[in-house]
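# Structure at a glance
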Amino acid sequence: MTKPIQLSPKDMISAYLLFFIIHGAQVGVGIQGFQRIIYIDARQDAWISVLIAGIATHIVTFCMIKTLEIYGSNDLYGIQIDIFGKWIGNLFNLMYIVYCFVACFSVLRNYIEVIQAWLFPSIGTWFLSATLLIIIIYAFTGGLRVIVGVSFFSIILSLWILPMLAFPLKYSTAESLFPILENDFRSILKGAHSMTFTIIGFEILNIVYPFIKDKEKIRKPVHLGLLLSTLIYLAVMLVSITYYSGGKLVKTIWATLTLFSFISFPFVERFEFIAVCFWMIIILPNMCFYLWAAYRGATRLWNISGVKFVWLFSFFIFICSLVIQTRTQINTMNTIFGKVAFYVVFVYPILLWPIALLKKNFTSKKVKHNEQA
Amino acid sequence: MKFKLPFNKKQPQPINEAPKESLVRVASASDHFIQSIQNATNNPADLIIKLVPPNLTLIYIDNLVDIETLNNDIIANLQNKPHETLEEIEIAMSIPEIQHSNLLKETVESMVNGSVLIHVEGYSQVLLANIATRESRALSAPENESQVIGTQVGFNESLSTNISLIRRYIVSPELCNEKFKIGTRTNTSISLLYMNGIANDQMVNTLRQRITDLYIDELLDSAVLAEMIDDNSLSVFPQMLLTERPDRFCDAILDGKVGILVDGSSMAIIAPQSFTEFFQSQEDQNLRWQIATFLRLLRLTAFFLSVYLTPFYVAAVTFHYEVIPQAFLVPLSESRALVPFPPIFEALLLEFIIELLREAGARLPTKIGQTIGIVGGIVIGTAAVQAGITSNILLIIIALSALASFTSPSYMMGNVIRLIRFPIIILAGFWGFYGIMLAFCFILIHLLRQTSLGAPYMSPFYPPRMKEMRDSIVRMPIPLTAKRPALTRPKDKNKFKPQPVKPKKS
């Protein structure tokens, strides 16, 4: 086995913070408009799709933790090198870095599009991209503790948005949910598959695992974090299905934001203007974690310094954000990325676990054999 | 990214004193001795040389020594009596603090600190009788951190008075006091105070290290020292507390913090300090917990109002008319109808005027200061609106945020609040809510990156410590706050054994 990562206790974080890491990495731009995509597949049973996707995250995470536990204190990059050897392992690592890059970029690009669509149609993409990247660079250079802190505050400070879902309930009818299970199971599963882009993020556990102080305690916070995300998605989905008519929902790109648009208080109206801007703090941990995960892989491949890496990474993201401009391009990117992410996040860890087990048995037998010889 | 500090803390101590000079001995002949002292001190006008017959020479600096003690206890006892040995002289004088020295440099240093040199003809040794007196004002109420309920005494500029004040609060041999001299020219005494058995050794060591590593030639105030030994001197947020209240100082020390007093400065430094603690006042401990909680929440609200209210107005009026409720839109547009400027300019102008007023009020003598209040509040406010430069509503908002910024118990933090408003207003004026949010995220990350003596600045919120939130933006009843804050990593975690709120009736 490859040597485990050596870390000073100063860099380590407590296990319960994983709750915030997992949840903060999951919820991001997807939740702004995931209803439409799933509704197209699963119609009024879309909430069952959300539930299935949620359960799938728990299963995948279970496999992830099992795989990680085999190696004690190592991240996915180290495991891949150990299992597949230096060359193929590094190739896989490179692919994973590219995956993180695209994930980070898609979050950024989608958010920029929301800002442009709802608030400032004329503001330049380059400006939004540059300002957001500067904020992320600033968080990244503070180290993992700062990133986790951003994630923590992002969740705590955005808790107040949840009760806002109660406003549309006034105009909702439960009848929209019936008949339950009218659609066949295949289309519900297809809907669950479409949840991928929205629900991913928890794969960060693969990378953050060596940094956890008390590794035997991680199950509870991780699964609680996943549960909270699933519940939030479920709540948003239920409210959306009951509030919108079916035809309307199919046409609404950002259904969650549209839900907010008629919320009004005595002192403020058109709540979605505030929500869209406030979303910045919700997407920050997403981008920071992907950036950080990419950095962890890059240090293994090229021995690059953090500052150098973050500027290079941001530069490429900045260039990409200028290339991909139109709504169709972004939509295509999301779809393709969602498909790839399904295999990277949901399929791959389940395959990796038995391989790691086999490898471990094989190696330990070999060691025993050597000892006997 | 680690920023390099603007001044080098770890400059090696230069070896400017040649070993030869420091080893020069005191001359045994009086003439030579007097000459050497005069040379070493550049013969100042206040150097008094007094010959006491038959064989003694007294040298001191006028105004540094207590004349009464000098006359009654030294000169009266020594006059007209032949003294042979130094010991005899020492016994003859009724002075508690007497030292012997045979080194010229040490002698001169002691004299500059307020000792009288007593030289006996024929001896190459000198007696140093310390009868220093320091000019200092009487103790008075702390004017910058006034409280309704609580002690009404503040530190003054004398280090010994301040330490005696603290010793009166904490009557314990566990109170440690370490002395340092800082500044190659000013030779300022500073004291490092902490509780043995509570304060974390590592923190005390860090602070001691930072102080001894300083290489500066002058230190005139503790605020300068605080800035130099901060974790991040480039940040606008102070990471150590400056206070002039001895009760607050003692409370912090008893929580396991480390305090620094600087001679000649009426402000004490306390570290480590978290961000929320800047919004706490010592009075909170003296009030009932419900009221203290209310006041703390009020201050926190004031902080957010003060920083974000004006930018919110600017952003809403410039870009997001939609968020303003219809009922409010009419009075708003009416009041803005005559204003010729864009909202960002209008807001910056008014903020600028308010800052001018505050600065003028702070610099002027108290009597004129009141006039400034009238000029500012009534004349400029009303006139600006009537002249059509600003709208009524913005005036209210600006006044509100100015008022809110003054609720911060720490003047340093109040300044920060007023300053960071300006960039946020500009961002809001250009990019609306998006700009405000950018600033918000930036400030949040900045705060998360800061440490105070290595302890997290955002404690107890991040890293989250639920139990300590009892004494953060709220204050729970005293029996529930029996633990010392983990921020200070205290050796003794419990302040007291938690008692039931109400003892059982017997």
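Source: prediction; values computed, not measured.

### Description of the overall build of chain B
Helix and strand content of chain B: 16 helices and 12 strands. Relative to the 2.2 N^0.38 estimate, which gives 23 Å for 506 residues, the radius of gyration of chain B is 29 Å and therefore markedly larger than a compact globule would have. Principal-axis analysis of the C-alpha atoms gives chain B an extent of 100 × 65 × 50 Å. Burial analysis of chain B (506 residues in total) assigns 35% to the buried set. When contacts within chain B are restricted to residue pairs at least 6 apart in sequence, those whose partners lie at least 24 apart make up 66%.

### Side note on the domain arrangement of chain B
As far as domains go, chain B holds domain 1 (25–130), domain 2 (159–275) and domain 3 (285–449). For domain 1 of chain B and domain 3 of chain B, the distance between their C-alpha centroids amounts to 63 Å.

### Some details on the nonpolar core
For soluble globular proteins, nonpolar side chains are generally found buried alongside one another. Membership of the largest hydrophobic core comes to 194 residues, with the highest contact counts inside it found for C288 and L291 of chain A. Residue contributions to this core peak at 20 residues, all from helix α14 (residues 271–302) of chain A. When residues are assigned to domains, this core turns out to be shared by domain 2 (159–275) and domain 3 (285–449) of chain B, each giving three or more. Not counting chain neighbours up to four residues away, the residues in contact with L291 of chain A comprise C104, I136, F140, V310 and F313 of chain A.

### A look at the sheet that holds strand β4 (residues 115–120) of chain B
To summarise the sheet geometry, strands pair through backbone hydrogen bonds and adopt either a parallel or an antiparallel arrangement. Residues and elements named next belong to chain B. The antiparallel open sheet is built from five strands, whose spatial order is β1-β2-β4-β5-β3. Edge strands, defined here as strands with exactly one partner in the open sheet, are β1 (47–52) and β3 (98–101). Neighbour-to-neighbour, the strand axes of the sheet open up by a mean angle of 25°, direction not taken into account. Against the sheet, helix α2 (residues 30–40) contacts β1, β2 (56–61) and β4, and its axis sits at roughly 10° relative to β2.

### Some details on the interface of chain B and chain A
In this assembly, 20 residues from chain B lie in contact with 27 residues from chain A. A breakdown of the residues in the side of chain B that touches chain A according to their chemical character gives 16 nonpolar, two polar and two charged.

### Remarks on the sheet that holds strand β10 (residues 268–271) of chain B
All names here are of chain B. What the five strands build is an open sheet, ordered β6-β7-β9-β10-β8; its pairing is antiparallel. Looking at strand neighbours, the two that pair on one side only are β6 (175–182) and β8 (241–243), the edges of this open sheet. Averaged over all pairs of adjacent strands, the angle between their axes in this sheet comes to 25°, without regard to strand direction. Sheet topology places β8 next to β10; three bridges connect them, and they run antiparallel. Bridged to L241 within β10 is I270. On top of the sheet, helix α7 (residues 201–213) reaches β6, β7 (188–195), β9 (258–262) and β10; it is set at about 175° to β7, its chief contact.

### A short note on the UniProt feature "transmembrane region" (unreviewed entry) in chain B
Residue and element names in this part refer to chain B. With numbering aligned to this structure, UniProt lists the feature "transmembrane region" (unreviewed entry) at residues 297–317, 368–387, 393–412 and 424–448. For residues 297–317, the end-to-end C-alpha separation is 28 Å, with 100% helix and 0% strand making up the annotated structure. Along residues 424–448 the backbone is 100% helical and 0% strand, and the end-to-end C-alpha distance reaches 19 Å.

### Some points on the packing of helix α5 (residues 125–141) of chain A against helix α16 (residues 411–449) of chain B
Between α5 of chain A and α16 of chain B, whose axes approach to 9 Å, the crossing angle comes to 10°. In terms of orientation, α5 of chain A lies roughly parallel with respect to α16 of chain B. Along the contact surface, α5 of chain A presents T131, I135, Y138 and A139 of chain A, while α16 of chain B presents L438, C441, F442 and I445 of chain B. Of the residues contributing to the contact of α5 of chain A with α16 of chain B, the split by class is seven nonpolar, one polar and no charged.

### So, the pairing of β9 of chain B
Residues and elements named next belong to chain B. Across the five residues that make up β9, a large majority, five, are buried. In β9, alternate side chains face the same way, and those of V258, I260 and V262 on one face and G259 and L261 on the other are all buried. Sheet topology places β7 next to β9; four bridges connect them, and they run antiparallel. Looking across to β9, one finds that L193 is bridged to G259. When β9 meets β10, the two strands line up antiparallel, connected through three bridges. Counterpart to I260 in the pairing with β10 is I269. Here β9 hands over to β10 after five residues, with G264 in that stretch at a positive phi of 90°.

Rules and cut-offs
- Residues numbered from 1 in each chain as written.
- Chains lettered and ligands numbered in written order.
- Predicted model: local features only at pLDDT ≥ 70, side-chain atom pairs only at ≥ 80, totals over all residues.
- Helix = DSSP H or I, 4+ residues; strand = E, 2+ residues; numbered from the N terminus.
- Rg over C-alpha atoms; globule rule 2.2 N^0.38 Å.
- Buried ≥ 20, exposed ≤ 12 C-beta atoms within 10 Å, placed from the backbone.
- Contact = placed C-beta atoms within 7 Å.
- Domains from an automatic or database assignment.
- Core = buried A, V, L, I, M, F, W, Y, C linked by C-beta atoms within 7 Å.
- Pairing = 2+ DSSP bridges.
- Axes fitted to C-alpha atoms, helices over the stretch in contact; angles between N-to-C directions.
- Nonpolar A, V, L, I, M, F, W, Y, C, P; charged D, E, K, R; others polar.
- UniProt positions renumbered as here; feature names shortened; annotations may be inferred.
- Parallel < 35°, antiparallel > 145°, perpendicular 65-115°, else oblique.

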